[in-house]
Amino acid sequence: MEYFFGFLVLIVIIFVMMGVTVVQQGFVYTIERFGRFTHAAQPGLTIIIPFFDRVGRKVNMMEQVLDIPGQEIITKDNAMVGVDAVVFFQVLDAAKAAYEVSDLYVAIMQITTTNLRTVMGSMDLDETLSKRDDINGRLLSVVDHATSPWGVKITRVEVKDIRPPADISNAMARQMKAEREKRAQILEAEGLRAAEILRAEGEKQSQILQAEGRKEAAFRDAEAREREAEAEAKATVMVSESIASSGTQALNYFIAQKYTEAVSQFATSPNAKTILFPVEATQLIGTLGGIGELAKEALATKDK
């Protein structure tokens, strides 16, 4: 009898151990009873009825990355390009992901590949190379809508690489080189133009300053001549008043002084070997005599 109870206890222990299931973190297990889905077991300890219930699918609920293999796509302008892409997705409903689609990963890969061909096939080559964000956005919207019945959320779709044909790549390289050379020539021409403008402005300012300098010099010369003329006029007035007051004696004095200065210049000339005096030079003695008379009168007046 004791053996029977021991055997019964052992059967119960084995039965309980078979009914205890531990669900790992990040996963959800689907529980099936006689092959029919009953509920989803969350992470932690779960009790099932052995022989009646069993674990159906172990669904990964973490965000996952699916690599889309490279493929050749014909663009709208008949250019063949190679494309690689990745899809980020997360399962939100474990039951739908397990029972609404046969193979979730293959299904997502196929629907992404198909829509990638559709989206990029409706664009020109230049658009596929320059509008990658638009391609990613359109793919995300279409694929997410298509996988929604499977309990899957597409978080991101990224085009990794777009490879145009070799001849097109070479043509694009030559075009880019020509464009850069064109920009360099434009910048060089603009630099030369700016330099010529600055040089012309400098010459213009220089001419303006020179003209202003000449104008100022002419003004100063005219002012100097005006003052000289005023001085000459004053001297003439003074001489005239002196002649008027003293008679011809003062006039003789001035004439004799100028005559003497002129004769002295002949004497100091380095090229003059012989000096010929005109006939009127004999009158110089008389003039000097007049000067002597003026000096005597001036001294006599001073003594008085």
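Predicted model only: the values in this text are computed from it and were never measured.

### Focus: the overall build of the protein chain
Turning to step 1, where the next piece is worked out: Scanning the protein chain from N- to C-terminus turns up eight helices and eight strands.
Turning to step 2, where the next piece is worked out: Buried residues in the protein chain amount to 22% of all 304 residues.
Turning to step 3, where the next piece is worked out: When contacts within the protein chain are restricted to residue pairs at least 6 apart in sequence, those whose partners lie at least 24 apart make up 62%.
Turning to step 4, where the next piece is worked out: A total accessible area of about 21600 Å² is found for the protein chain, and carbon and sulfur atoms account for 59% of it.

### Some points on the packing of aromatic side chains
Turning to step 1, where the next piece is worked out: Within the structure shown, the criterion is met by three aromatic pairs.
Turning to step 2, where the next piece is worked out: For the ring pair Phe34 and Phe52, a centre distance of 5.5 Å and an interplane angle of 90° mean the geometry is edge-to-face. You can see Phe34 sitting in the loop between β2 (27-33) and β3 (36-41) and its partner Phe52 sitting in the loop between β4 (44-47) and β5 (53-60), a full 18 residues away along the chain.
Turning to step 3, where the next piece is worked out: Judged by centre distance (5.9 Å) and plane angle (65°), the rings of Phe89 and Tyr105 are edge-to-face. With Phe89 in strand β7 (residues 80-91) and Tyr105 in helix α3 (residues 104-121), this residue pair connects regions lying 16 residues apart in the sequence.
Turning to step 4, where the next piece is worked out: Residue Phe89 is classed as buried on the basis of its relative accessible area, which comes to 0%.

### Quick look at the sheet that holds β7
Turning to step 1, where the next piece is worked out: Strand order in this open sheet of three strands is β6-β7-β8, and the pairing throughout is antiparallel. The outermost strands of the open sheet, each flanked by one partner alone, are β6 (64-74) and β8 (152-163). Direction aside, neighbouring strands of the sheet carry axes that sit 20° apart on average.
Turning to step 2, where the next piece is worked out: Pairing analysis gives nine bridges linking β6 to β7, with the strands arranged antiparallel. Directly across from Ile68, in β7, lies its bridge partner Ala85.
Turning to step 3, where the next piece is worked out: Against the sheet, α3 touches β6, β7 and β8, its axis set at about 40° to β6.

### Quick notes on the sheet that holds β5
Turning to step 1, where the next piece is worked out: If you walk across this open sheet you meet the three strands as β3-β2-β5, and the pairing is antiparallel. In this open sheet, the two strands that pair with only one neighbour each are β3 and β5. Going from strand to strand, the sheet's axes swing by 30° on average, the running direction of each strand aside.
Turning to step 2, where the next piece is worked out: By the bridge criterion, five bridges tie β2 to β3 in an arrangement that is antiparallel. Each residue of the ladder has a partner; that of Arg33, found in β3, is Arg36.

### Topic: α3
Turning to step 1, where the next piece is worked out: Here α3 is 18 residues long and its end C-alpha atoms lie 26 Å apart, about the 26 Å a rise of 1.5 Å per residue gives.
Turning to step 2, where the next piece is worked out: Lining the buried residues of α3 we find β6, β7, α2 (94-99), α4 (125-130), α5 (132-147) and β8.
Turning to step 3, where the next piece is worked out: Capping the start of α3 is the job of one residue whose side-chain oxygen sits 3.4 Å from the backbone nitrogen of Tyr105: Asp103.

### Considering the pattern of salt bridges
Turning to step 1, where the next piece is worked out: One pass over the structure, following the stated rule, counts 12 salt bridges.
Turning to step 2, where the next piece is worked out: Arg33 is the partner of Asp53 in a salt bridge, and the nearest nitrogen-oxygen pair spans 2.6 Å. Here the residue Asp53 occupies a position in strand β5, and Arg33 occupies one in strand β2, the gap between them amounting to 20 residues.
Turning to step 3, where the next piece is worked out: Between Glu223 and Arg220 there is a salt bridge; the shortest N-O distance is 3.6 Å. On the criterion of helical spacing, the pair formed by Glu223 and Arg220 is a turn pair, its members being three residues apart in helix α6 (residues 166-246).

### Some words on α5
Turning to step 1, where the next piece is worked out: With 16 residues, α5 should cover 22 Å at 1.5 Å per step; its first-to-last C-alpha distance of 22 Å lies within 8% of that length.
Turning to step 2, where the next piece is worked out: Residues of α5 that are buried include every one of Ile135, Asn136, Leu139, Val143, Asp144 and Thr147, and no others. Burial along α5 is one-sided: seen end-on, the buried residues are contained in an arc of 140°.
Turning to step 3, where the next piece is worked out: Buried residues along α5 sit against α3, α4 and β8.

### Here we look at the UniProt feature "transmembrane region" (unreviewed entry) in the protein chain
Turning to step 1, where the next piece is worked out: When the UniProt feature table is mapped onto this chain, "transmembrane region" (unreviewed entry) is found at residues 6-29.
Turning to step 2, where the next piece is worked out: Helix makes up 58% of residues 6-29 and strand 29%, whereas the separation of the span's terminal C-alpha atoms amounts to 34 Å.

### Observations regarding the nonpolar core
Turning to step 1, where the next piece is worked out: In terms of nonpolar packing, the biggest core is built from 35 residues, with Leu104 and Leu116 touching the most fellow members.
Turning to step 2, where the next piece is worked out: Elements that contribute at least two residues to this core include exactly β6, β7, α2, α3, α5 and β8.
Turning to step 3, where the next piece is worked out: A total of seven residues in this core trace back to one element, the largest contributor, which is α3.
Turning to step 4, where the next piece is worked out: Beyond its immediate stretch of four places on either side in the chain, Leu116 contacts Gln71, Ile73, Val83, Ala85, Ile135, Leu139 and Val159.
Turning to step 5, where the next piece is worked out: Judged by nonpolar contacts, the second largest core, of five residues, contains Val23, Ile31, Ala41 and Ile48.

Criteria and cut-off values
Residues numbered from 1 in each chain as written. Predicted model: local features only at pLDDT ≥ 70, side-chain atom pairs only at ≥ 80, totals over all residues. Heavy atoms only, no water. Helix = DSSP H or I, 4+ residues; strand = E, 2+ residues; numbered from the N terminus. Buried < 20%, exposed > 50% of the residue type's maximum accessible area, 1.4 Å probe, protein only. Contact = heavy atoms within 4.5 Å. Areas by Shrake-Rupley, 256 points an atom, 1.4 Å probe, with all protein chains shown as cover. Phe/Tyr/Trp six-rings, centres within 6.5 Å; stacked < 30°, edge-to-face > 60°. Pairing = 2+ DSSP bridges. Axes fitted to C-alpha atoms, helices over the stretch in contact; angles between N-to-C directions. Expected span 1.5 Å × (residues − 1). Polar contact = N/O pair within 3.5 Å; in protein donor to acceptor, adjacent residues only side chain to side chain. Salt bridge = Lys/Arg side-chain N within 4 Å of Asp/Glu carboxyl O. Arc of directions from axis to C-beta. UniProt positions renumbered as here; feature names shortened; annotations may be inferred. Core = buried A, V, L, I, M, F, W, Y, C linked by side-chain atoms within 4.5 Å.

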